[in-house]
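# Tertiary structure, described
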Amino acid sequence: METIAFYLFSILITGLFLVTVMSKNILYSMSALAAGMVLISGLFFILGADFLGAVQLVVYSGAVMALYAFGMMFFDATRNVKEKNSSGAAVFLLSGLSAVVLVAIFAAPSIGANIKPLVTGTKGLDNPHVIGEVLFTKYLIPFEVAAVMLLVAMIAGIILASKKMDKSLSEVYIDALPEEELKEQK
Amino acid sequence: MTLTLTHYLVLSAILFAIGIAGVVRRKNLLMLFFATEIMLNAANIAFAAISAYIGDLSGQLFALFIIAIAASEVAVGLGLLILIYKKYGTLDLDKFTVMKG
């Protein structure tokens with residue numbers, strides 16, 4: 001049962017992320033990315049990491065994707081992305097090579113054989129309880145630092161995005177267009 | 001046929017390679033952000049799988065911190081993207097070559 005779920009999820013995730021990377025339309029790729037995030041949380045549930053799966057659903061497919069969709073209002077998302085690609089073969093060779101190297105590193109049995117679990121938490125509790133227990137004892141300081149970092153990121157995001165808010169974006173966009181495209185529009 | 005750790009690690013490596021291909025191939029800044037998210041998620045899958053198969057909770061907690069970092073990265077990065085779009089009117093990386101040379 002788990003095997004079927006794993007293969008179903010992994011094939012769907014790979015396909016959706018390929019759509020994300022290859023698609024010419026930003027809206028398609030964003031939707032595919034959001035769907036892939038939801039399916040990744042399914043993988044976490046199979047692995048027994050319930051809390052992580054819930055956080056993945058809330059933060060990634062909820063907050064991050066909503067933020068992207070919100071930021072998309074500022075960009076012209078319906079237009080197709082025009083790109084000139086230099087050499088496709090080199091790109092696929094490089095990324096394929098890096099995938100092989102990664103598999104070789106991860107699947108090396110000699111290193112993984114003598115790893116012992118250090119942080120196990122209280123036995124018998126369910127996953128969110130154990131996560132909370134470990135997070136607020138052993139990992140308290142990283143947790144606080146992450147909270148401060150999120151605060152700093154929030155302030156930075158507000159300040160960066162609200163610069164020149166008094167000027168309409170369409171005016172700025174017309175100013176920034178090159179001459180030929182302006183003539184085409186007229 | 002039972003699932004082993006290697007299944008998850010191979011899946012994570014494939015997703016990471018997709019992310020790398022996206023970063024190298026795409027010229028649109030927003031697409032680069034999407035590809036970065038894919039790479040972060042691949043790392044998360046590897047962390048959660050190793051944590052589940054070894055019985056150590058640290059992997060799941062590191063995945064949590066990675067999610068926090070990704071969220072703040074998106075907040076700052078999207079602000080910068082909006083600034084760039086206001087300045088240049090495009091997100092194409094090739095249009096940002098302002099130096100003549």
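Note that the structure is a prediction, hence the values are computed from the model and not measured. (Residues numbered from 1 in each chain as written. Chains lettered and ligands numbered in written order. Predicted model: local features only at pLDDT ≥ 70, side-chain atom pairs only at ≥ 80, totals over all residues. Heavy atoms only, no water.)

## Here's the deal with the overall build of chain B
- From N to C terminus, chain B includes three helices and zero strands.
- The buried share among the 101 residues of chain B stands at 61%.
- When contacts within chain B are restricted to residue pairs at least 6 apart in sequence, long-range pairs at least 24 apart make up 58% of them. (Helix = DSSP H or I, 4+ residues; strand = E, 2+ residues; numbered from the N terminus. Buried < 20%, exposed > 50% of the residue type's maximum accessible area, 1.4 Å probe, protein only. Contact = heavy atoms within 4.5 Å.)

## Some details on helix α1 (residues 2–22) of chain A
- Between its terminal C-alpha atoms α1 of chain A stretches 30 Å, which fits the 30 Å expected from 21 residues at 1.5 Å a residue.
- Within α1 of chain A, the full set of buried residues consists of Thr 3, Phe 6, Ser 10, Ile 13, Thr 14, Phe 17, Thr 20 and Val 21 of chain A. Down the axis, α1 of chain A shows its buried residues gathered within 120° of arc, on one side only. Every exposed residue of α1 of chain A that faces more than 90 degrees away from the buried side is listed here: Ile 4, Leu 8 and Ile 11 of chain A.
- Structurally, α1 of chain A contributes buried residues whose contacts are with α2 (26–46) of chain A together with α1 (5–25) and α2 (29–54) of chain B. (Expected span 1.5 Å × (residues − 1). Arc of directions from axis to C-beta.)

## As for the packing of α1 of chain B against α2 of chain B
Residues and elements named next belong to chain B.
- Two numbers describe how α1 lies on α2: the axes approach to 8 Å, and their chain directions differ by 165°. As judged from the angle between their axes, α1 and α2 are roughly antiparallel. For α1 against α2, the interelement crossing comes out left-handed. Residue-level contacts link Leu 5, Tyr 8, Leu 9, Leu 11, Ser 12, Leu 15, Phe 16, Gly 19, Ile 20, Gly 22 and Val 23 of α1 to Leu 32, Ala 35, Ile 38, Met 39, Ala 42, Ile 45, Ala 46, Ala 49, Ile 50 and Tyr 53 of α2.
- Looking at the contact of α1 with α2 residue by residue, the class counts come to 18 nonpolar, three polar and no charged. (Axes fitted to C-alpha atoms, helices over the stretch in contact; angles between N-to-C directions. Parallel < 35°, antiparallel > 145°, perpendicular 65-115°, else oblique. Left-handed = near helix turned anticlockwise from the far one by under 90°. Nonpolar A, V, L, I, M, F, W, Y, C, P; charged D, E, K, R; others polar.)

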